[in-house]
Amino acid sequence: MNLRSASSCLGALCVLCALCGNAFGQNYDKRWLSGIFYGEGANFGDFNKDGKLDVVSGPYIYDGPEFTVKHEFMPREPSDPLHYSKNFFAYTSDFNKDGLTDILIIGFPGQETFWYENPGAKKDAAQGGWKQHLVLKVTDNESPVLINVVGDDAPELVCMSGGYIGYATPESSDPNQPWKFIPISPKGDYQRFTHGLGVGDINGDGKLDMIVPSAVGVAVLLNTAP
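Residues numbered from 1 in each chain as written. Predicted model: local features only at pLDDT ≥ 70, side-chain atom pairs only at ≥ 80, totals over all residues. Heavy atoms only, no water.

Before going further, it helps to examine the overall build of the protein chain. Tallying secondary structure elements over the protein chain gives one helix and 17 strands in all. A total of 226 residues make up the protein chain; the buried ones form 41% of that total. Sequence separation of at least 24 residues holds for 39% of the intrachain contacts in the protein chain that already meet a minimum separation of 6. Counting every atom, the protein chain has about 12,000 Å² of accessible surface; 55% of that belongs to carbon and sulfur. (Helix = DSSP H or I, 4+ residues; strand = E, 2+ residues; numbered from the N terminus. Buried < 20%, exposed > 50% of the residue type's maximum accessible area, 1.4 Å probe, protein only. Contact = heavy atoms within 4.5 Å. Areas by Shrake-Rupley, 256 points an atom, 1.4 Å probe, with all protein chains shown as cover.)

This brings us to the packing of aromatic side chains. Aromatic rings considered in pairs are described by the distance between their centres and by the relative angle of their planes. Counting across every chain of the model gives 11 aromatic pairs. Taking the centre distance of 5.8 Å and the plane angle of 80° together, the rings of F108 and F193 count as edge-to-face. Of this pair, F108 sits in the loop between β8 (102-106) and β9 (113-117) while F193 sits in the loop between β14 (180-183) and β15 (198-200), placing them 85 residues apart in sequence. For F193, a relative accessible area of 38% corresponds to the partly exposed category. Three or more aromatic residues joined by ring pairs make a cluster, and in this case those are F88, F89, Y91, F108 and F193. (Phe/Tyr/Trp six-rings, centres within 6.5 Å; stacked < 30°, edge-to-face > 60°.)

Before going further, it helps to spend a moment on a nonpolar patch on the surface. A cluster of nonpolar side chains, I202, I211, V220 and L222, forms an exposed patch at the surface whose accessible area comes to about 320 Å². By the element assignment, I211 lies in strand β16 (residues 209-214). I211 sits in the partly exposed class, given a relative accessible area of 36%. (Patch = residues over 30% accessible without salt bridge, like charges linked within 9 Å, V, L, I, M, F, W, Y side chains within 5 Å. Salt bridge = Lys/Arg side-chain N within 4 Å of Asp/Glu carboxyl O.)

A word on the pattern of salt bridges. Evaluation of the coordinates by the stated rule reveals three salt bridges. Close ionic contact of D29 with R31 constitutes a salt bridge, the shortest N to O distance being 2.8 Å. On the accessibility criterion, D29 (30% relative accessible area) is partly exposed. With a shortest N-O distance of 3.9 Å, D205 and K207 are connected by a salt bridge. By relative accessible area, which is 24% here, K207 ends up partly exposed. Counted as one network, the salt bridges with shared partners bring together D29, R31 and E66.

Moving on, we come to the confidence of the model for the protein chain. Of the residues in the protein chain, 84% reach a pLDDT of 70 or more, and the chain-wide mean stands at 82. In the model of the protein chain, helix α1 (residues 3-13) stands out as the element of lowest mean pLDDT, 38, in contrast to β9, which has the highest, 96. pLDDT under 50 marks residues 1-22. Its contacts with residues more than four places away, or in other chains, come to 47 contacts. (pLDDT = per-residue confidence, 0-100.)

Bringing the environment of R31 into the picture now. Mapped onto the secondary structure, R31 falls in strand β2 (residues 28-32). Here R31 falls in the partly exposed class, since its relative accessible area comes to 24%. Spatially, the C-alpha atoms of R31 and E66 are 8.6 Å apart, while their sequence positions differ by 35 residues. A distance of 2.8 Å separates the side chain of R31 from the side chain of D29, its partner in a polar contact. Only 3.4 Å separates the side chain of R31 from the backbone oxygen of E66, close enough to count as a polar contact. (Polar contact = N/O pair within 3.5 Å; in protein donor to acceptor, adjacent residues only side chain to side chain.)

Printed below as a string of structure tokens:
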């Protein structure tokens, strides 16, 4: 088995490790969620508002704290573990401000990103729940991130699109509409398989900056907003 297939299988198994109280965090309780490769990404969120964190992995939500009960929130599309999936990253947030945690799925690089609306009591996709909303038609770069870069009350999708570095932000008047991509760089040769993208306060001024690859190495984009 090569490195790619090995990493795919690890992603498919989606191991949840609960810290067991060791002072140095060396003991874990391993829970196998699935032996089918649905996607590379997974995340946490209290989707059913019971005060306990649940897991989203592939097309399923696994109810915490036991993670033995699962609910389908998007169509099931098993992937070949020797190749990539169409489910690269999973992020969670309350995108429509209704008090329920929603799910954002970044698909294969260069393709669409969608967020899925938490319907509350209607847990499964088969019940007509978890409505899909388009975030961005083209999400480039192999490591986009959902993070609040502008200091408002909603996270942005930091990525590349159309040859630009930038971020997509929700429409404040209607969260169901596609997000607006705001470029912050000159147009370059950035594309779907561009590697490397980081966000953090590099110069210690309290604002989030970006670090990205460039033609001759690495570039830092400092946030100059007032």
